[in-house]
Amino acid sequence: MISVFMKKEQINQRSISLYGNENIKKLENLKVAVIGLGGVGSIVPISLVRSNVKNLILIDKDNVEISNLNRQLAYDLDDLDKYKADVLKEKLEKMNFDLNIKNYNLKIDASFDLNILKDVDYIVDCIDDIKAKIVLIKFALEHNIKIITSLGMGKRFLLKDVIIDKLNKSFNDKLGRKLRYELKKEGVDISKVYCAFSLETIKEELNDKDVIASSFFNPNLAGLKIGAFVINDYLDIK
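Residues numbered from 1 in each chain as written. Predicted model: local features only at pLDDT ≥ 70, side-chain atom pairs only at ≥ 80, totals over all residues. Heavy atoms only, no water.

**Student:** Would you mind going over the nonpolar core with me for this structure?
**Tutor:** Side chains that are nonpolar tend, in soluble globular proteins, to be buried together. Judged by nonpolar contacts, the single largest core of 37 residues is most densely connected at Val32, Leu56, Leu92, Val124 and Ile226. Every element with two or more residues in this core is listed here: strand 1 (31-35), helix 4 (43-50), strand 2 (55-59), helix 5 (84-92), strand 4 (122-125) and helix 8 (217-234). Examining the composition of this core, we find that 5 residues originate from one element, helix 8, more than from any other. Ignoring anything within four residues of it in the chain, the contact list for Val32 reads Leu48, Asn55, Leu56, Ile57, Val120, Tyr122, Val124 and Val230. In this structure, Ile59, Ile147, Val193 and Cys195 belong to the second largest nonpolar core, which totals 30 residues. (Core = buried A, V, L, I, M, F, W, Y, C linked by side-chain atoms within 4.5 Å. Buried < 20%, exposed > 50% of the residue type's maximum accessible area, 1.4 Å probe, protein only. Helix = DSSP H or I, 4+ residues; strand = E, 2+ residues; numbered from the N terminus. Contact = heavy atoms within 4.5 Å.)

**Student:** How should I be thinking about the layout of surface pockets in this particular structure?
**Tutor:** A probe as big as a water molecule, rolled over the atoms, marks out the empty space that is left. Volume-wise, the largest pocket comes out at about 1,200 Å³. The wall of the largest pocket is formed by 43 residues, among which Arg71, Cys126, Ile127, Asp128 and Ile212 lie closest to the centre. Considered class by class, the residues forming the lining of the largest pocket number 17 nonpolar, 13 polar and 13 charged. Lining of the second largest pocket is provided by 15 residues; of these, Lys8, Glu9, Asn12, Lys25 and Glu28 occupy positions nearest its centre. (1 Å grid on protein atoms, 1.4 Å probe; cavity = no way out; pocket = protein on both sides within 12 Å on 5 of 7 lines; lining within 4 Å. Points joined across faces, edges and corners; volume = space filled by probe spheres on them. Nonpolar A, V, L, I, M, F, W, Y, C, P; charged D, E, K, R; others polar.)

**Student:** Hey, could you run me through the environment of Asn220 in this one?
**Tutor:** Following the sequence through the fold, Asn220 ends up in helix 8. We classify Asn220 as buried; its relative accessible area is 3%. Each C-alpha atom of the pair Asn220 and Gly38 lies 9.6 Å from the other, and the pair is 182 residues apart in sequence. When near neighbours in sequence (up to four residues on either side) are disregarded, Asn220 contacts Gly39, Ile43, Arg71 and Leu73. Of note is the side chain of Asn220, whose polar atom sits 2.7 Å from the backbone oxygen of Arg71. At 2.6 Å, the side chain of Asn220 forms a polar contact with the backbone oxygen of Phe216. (Polar contact = N/O pair within 3.5 Å; in protein donor to acceptor, adjacent residues only side chain to side chain.)

**Student:** Hey, could you run me through the sheet that holds strand 1 in this one?
**Tutor:** As a general point, the strands of a sheet are linked pairwise by backbone hydrogen bonds and lie either parallel or antiparallel. Ordered in space as 3-2-1-4-5-7-6, the 7 strands form an open sheet in which the pairing is mixed. Lying at the two open borders of the sheet, with one neighbouring strand each, are strand 3 (100-104) and strand 6 (162-166). Here the average twist between neighbouring strands, direction ignored, is 15 degrees. Bridge count between strand 2 and strand 3: 5 bridges; the pairing is parallel. Looking at the pairing, Ile59 lines up with Tyr104 of strand 3. (Pairing = 2+ DSSP bridges. Axes fitted to C-alpha atoms, helices over the stretch in contact; angles between N-to-C directions.)

Everything listed here is a matter of geometry and, on its own, says nothing about what the molecule does.
What follows is the structure in structure tokens.
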């Protein structure tokens, strides 16, 4: 019978071969808050935990809905009507050892206690509420916390166009345009904020639909790119 100690050693063998043992151990100290656990945000914690990140804060006010299941990797039919943060925490705890995960079924608004984010190294913002995004970005910059925000991944097909860059360099995104405008009005230096966005121009007919058209591919690719960006930045891998 394989001991728990041996399992802990074995789980990271392939990652150690790529990153080195020192870097994989270093990732145990990385603290990340992921806010918004939908199409983009649900895969970010999975990618981090699979990479030996142990300390996470998960925040989302929503329950799992059946319309989420075409694209949100973390959830299945058994999870319907449960809080996303509760479901994701439970599943993550089956993926690695000795995790320290705090989850909150809350919305980011005026009543939210941002102090729970003070000790994190990185904030990953995957929500679509402009006011909440602004609150998070301002808090992160004021407290020297690195932040990466996700812009729109709906209505797009082309995986090659999903990139990460500074917010001031983003374009072709309605959410991003509004976010840049509001932050500039408040005197925020948006060149200090990274974002995931798509270069793809949305097809005109997709803007006329009653629901936001979206597939599995672009949101999850954006989430994977965000997870890799956080890890590579923390380990100073260029």
